[in-house]
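# A closer look at the structure
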Amino acid sequence: MILTGKNALVTGASRGIGRAIALELAKRGANVAVNYAGSEAKAEAVVSEIQQLGRQAFKIRANVADESEVKAMIKEVVSRFGSLDILVNNAGITRDNLLMRMKETEFDEVINTNLKGVFICTKAVTRQMMKQRAGKIINVASIVGVSGNPGQANYVAAKAGVIGLTKTTAKELATRNIHVNAVAPGFISTDMTDALSEEQHKEMLALIPLQKLGEPEDVAKVVRFLASEDADYITGQTIHIDGGMVM
Amino acid sequence: MADVFDRVKAIIVDRLDVDEAKITMEASFKDDLEADSLDVVELVMELEDEFDMEIADEEAEKINTVGDAVNYINNLQG
């Protein structure tokens, strides 16, 4: 299998897209550390599913925006797995509001988790990956980071930031054989999108050439490709997974 | 146990793939040993592992020559 013997860490892996990514990597042979912040029971369920596939897995709590927690997490993952080949920066939150109503705390919380968290986790794994002279980092951005989206100034700013961070990290680490790419999911069916009204759903569908929502697995498969040797000549890219919404 | 300078030299030879003769106490990583910024960061990481210590970022930024690194380690161990 394409990821046999690889060791991965997926942040925010207890639910939604992160969960699908963790399972997809495991299906293709990888051992997976399942990071979560709050949903411990759900993280445990993901761990069991992975173990049933015959791979190693364990859950590990850490707030990605907290550098000391992240450092401890990376240390534990490396000591349990022996290496860390794949990092998927997926953890994210939303605090949607119109710009005029958005509180500074709402802005900061989203930037801290969704953007600073990617910086902290990336920095923390770089030492290990540089030593290995190999690594794959995949950042889960969002199509709204490319297109903008009313009501999500904080989220869009963070995701656009992730795309820029992806490009810079890719350039800095290329000589060490560390590949850094992003995926930009569009309208994917998760808890996050279930929170939208029926009217909002309809409006979104009208913008999607493929005329359907994506599934978390649609994102997971592209992440699995970027994590594999098949993508060894790709770095610094942002792959849109959005049914053609933004071209 | 080998002398600090020899241990540092071994790491530099391994990482930067340079001629041993070029590695003197006065040699500048960037000017004489053709290291780029990332190489220096990586060397510091290797030194931390080799000598089982942590070099703070502010201190690491002051390490420009082989001698800077050797003296830093000697001071810490002395």
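Here's what I pulled together on the structure shown here. (Residues numbered from 1 in each chain as written. Chains lettered and ligands numbered in written order. Predicted model: local features only at pLDDT ≥ 70, side-chain atom pairs only at ≥ 80, totals over all residues. Heavy atoms only, no water.)

Looking now at the layout of surface pockets. Of the voids in this model, the largest pocket is the one considered here, and its volume is about 1,600 Å³. Counting residues per element, the ones that place at least two in the lining of the largest pocket are α3 (67-81), α4 (104-132) and α6 (153-173) of chain A together with α2 (37-50) and α3 (57-60) of chain B. The element that contributes the greatest number of residues to the lining of the largest pocket is α4 of chain A, accounting for nine residues. Residue composition of the lining of the largest pocket, by class: 19 nonpolar, eight polar and 14 charged. (1 Å grid on protein atoms, 1.4 Å probe; cavity = no way out; pocket = protein on both sides within 12 Å on 5 of 7 lines; lining within 4 Å. Points joined across faces, edges and corners; volume = space filled by probe spheres on them. Helix = DSSP H or I, 4+ residues; strand = E, 2+ residues; numbered from the N terminus. Nonpolar A, V, L, I, M, F, W, Y, C, P; charged D, E, K, R; others polar.)

Time to look at the nonpolar core. Judged by nonpolar contacts, the single largest core of 33 residues is most densely connected at Ile 21, Leu 25 and Ile 50 of chain A. Counting residues per element, the ones that place at least two in this core are β1 (7-10), α1 (16-27), β2 (31-36), α2 (40-52), β4 (86-89), β5 (135-140) and α9 (216-226) of chain A. Per-element accounting of this core gives the leading share, seven residues, to α1 of chain A. Setting aside residues no more than four positions away along its own chain, Ile 50 of chain A makes contact with Ala 22, Leu 23, Ala 26, Val 32, Val 34, Arg 55, Gln 56 and Ala 57 of chain A. With 27 residues, the next largest nonpolar core counts Val 78, Ile 137 and Leu 173 of chain A together with Met 45 of chain B among its residues. (Core = buried A, V, L, I, M, F, W, Y, C linked by side-chain atoms within 4.5 Å. Buried < 20%, exposed > 50% of the residue type's maximum accessible area, 1.4 Å probe, protein only. Contact = heavy atoms within 4.5 Å.)

Between chain B and chain A, the contact holds eight residues from the first and seven residues from the second. Summing the contributions of chain B and of chain A, the shared interface buries around 790 Å²; its carbon and sulfur component is 44%. Looking at the side of chain B facing chain A, the largest losses of area belong to Leu 38, Glu 42 and Met 45 of chain B, adding up to 59% of the total buried there. For the pair chain B and chain A, the number of links is six salt bridges. For Arg 176 of chain A, the salt bridge is made with Glu 42 of chain B, and the minimal N-O distance between the two is 2.8 Å. Where chain B meets chain A, there are seven residue pairs in polar contact (both at pLDDT 80 or more). With six residues, α2 of chain B is the single largest residue contributor to the side of chain B that touches chain A. Across the side of chain B that touches chain A, the residue classes break down as two nonpolar, no polar and six charged. (Buried area = accessible area lost by both parts, 1.4 Å probe. Salt bridge = Lys/Arg side-chain N within 4 Å of Asp/Glu carboxyl O. Polar contact = N/O pair within 3.5 Å; in protein donor to acceptor, adjacent residues only side chain to side chain.)

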